[in-house]
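Okay, here's what each chain looks like letter by letter:
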Amino acid sequence: MKTATNLIYRGDCHSVLKRNFPENCVNLIYMDPPFSFNPKYAKLWYDKETLQMFEEIRKGSVKHYTAWISKRIEQAHRVLKNTGSIYLHCDWKFGHYIKVEMDNIFGKNNFQDEIIWHYSVGGKSQKRWGRKHDTIFFYTKSKKWTFNKKHAKVEPRKTGSKSFGGRIGTDENGRPYQDKIAKSGKIYRYYLDEGRIHDVWEIQPIQSQDKKRTGYFTQKPDELLERIIKVSSNPKDIVLDLMCGCGTTLAVSHSLRRQWIGIDISSQACEVIKQRMEGLEGINKVEIRGLPLTIKDLKKLGGFEFEDYICDMTNSVKTKHTSDKGIDGYHLGETPLQIKQQERVGRKVVDEFETALRRKNKNHGNIIAFSFTKGAYEETARARDDGLDIELIKMSELIKADYDLETLLE
Ligand SMILES: C[S@@+](CC[C@H](N)C(=O)[O-])C[C@H]1O[C@@H](n2cnc3c(N)ncnc32)[C@H](O)[C@@H]1O
């Protein structure tokens, strides 16, 4: 089965893949997951499981992270072609846990390599070793996969006089070589002016002056993705990035004549990618599927449609019962939510919401609207003195939320 290509999906890669992608449809996957977030707004965007996971990470535990990443790796495995490859980018803190999940899902025998991306930037420490590498796990789905050896070579061999067990010589064309003799007596000839293939890649991170720099905090260098894409796919193949940030994988795939698909939960990231891709030769307009609406669009929605939309975007469950009077939904199924498609929501609305909270024996709730009056803020301060914690959230903040969230991602 085929999938649409050369487009961006905004959303959680787990649900995007589940809803839109058939099995065995992409040739290569790159995945560069986040390991932290800005708690201020994340509570509105992420589901309970994700929030719990990041909170635990903050406290030093990874128990739920493995379950979270595992669900997304399972989807990656499902959509990858049987002859496909996946590269999962990790840091030194999380790699070990992720490796176990990858082994469980892809099979230990399909683990092909652990690539070390070595760079020289980053701080020095007086108390421990300088941290100068990321880890990239390379897995395949079966025993058959694409590996374009000629693009995998990273640097010419040293042409010194030491043979290290082989026989050094020069052929009739003047090319230096080394012959190695196998136990069987067979001679293998390696040309010393050819690059070597190995799994320690020395590539510098994107420089501050680089014209390709997008300003996205976690942007990876083109060279890194070029190597992966050239070696593990062919022109016209489909390359998928599940958490594509500012779209490095997509831009490089396009320049190498691959088809590409990017997914990111951040609408800000999707906008950066769109601009980046539309600036490339041969691309006119890029479609983003699943982007949240603008304030202008939200004002035009019908009342129920607006409530549905807000409940959906904030992981809230809409109320169905008349006993829930004054409460439109429950954030994460628990915290009461009042949704107003209005500007300048005032004291009266806050006051009524207080009554609704008391009736439900709740001491915390959120009101979402386009803006609030001074009186509304004064009323929430008064309610706080009475033990009720009411948060007033402006739509503009909500829309901007994932921007704040993502710029702080490490
Ligand atoms: C480390 S960054 C990726 C950087 C990217 N490789 C680049 O070169 O720009 C991680 C990205 O994952 C996205 N993200 C976090 N959770 C996600 C999810 N559940 N589904 C899709 N994207 C997600 C974040 O918005 C962020 O842009």
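Keep in mind it's a predicted model, so treat the numbers as computed, not measured.

### Looking at the domain arrangement of the chain
Per the domain assignment, the segments making up the chain are domain 1 (7–150 + 200–291), domain 2 (155–196) and domain 3 (295–406). Put simply, the middle of domain 1 and the middle of domain 3, counted by C-alpha atoms, are 35 Å apart.

### Quick word on the pairing of strand β2 (residues 26–31)
Among the six residues that make up β2, six are buried, leaving the element largely enclosed by the rest of the structure. With five bridges joining them, β2 and strand β3 (residues 80–90) adopt parallel strand pairing. Note that in β3 the partner of Y30 across the bridge is Y87. Looking at chain direction, β2 and strand β12 (residues 238–241) are connected through three bridges and run parallel. The partner of L28 across the bridge, within β12, is V239.

### A few points about the sheet that holds strand β7 (residues 167–170)
Taken in spatial order, the three strands line up as β7-β8-β9 in an open sheet, and their pairing is antiparallel. Taken across any chain shown, the strands that pair with only one partner, and hence form the sheet edges, are β7 and β9 (187–191). Each adjacent strand pair in this sheet contributes to an overall mean axis angle of 30°, direction not counted. Both β7 and strand β8 (residues 176–181) contribute to a ladder of four bridges, which runs antiparallel. Directly across from I168, in β8, lies its bridge partner Q178.

Conventions used here
Residues numbered from 1 in each chain as written. Predicted model: local features only at pLDDT ≥ 70, side-chain atom pairs only at ≥ 80, totals over all residues. Heavy atoms only, no water. Domains from an automatic or database assignment. Buried < 20%, exposed > 50% of the residue type's maximum accessible area, 1.4 Å probe, protein only. Helix = DSSP H or I, 4+ residues; strand = E, 2+ residues; numbered from the N terminus. Pairing = 2+ DSSP bridges. Axes fitted to C-alpha atoms, helices over the stretch in contact; angles between N-to-C directions.

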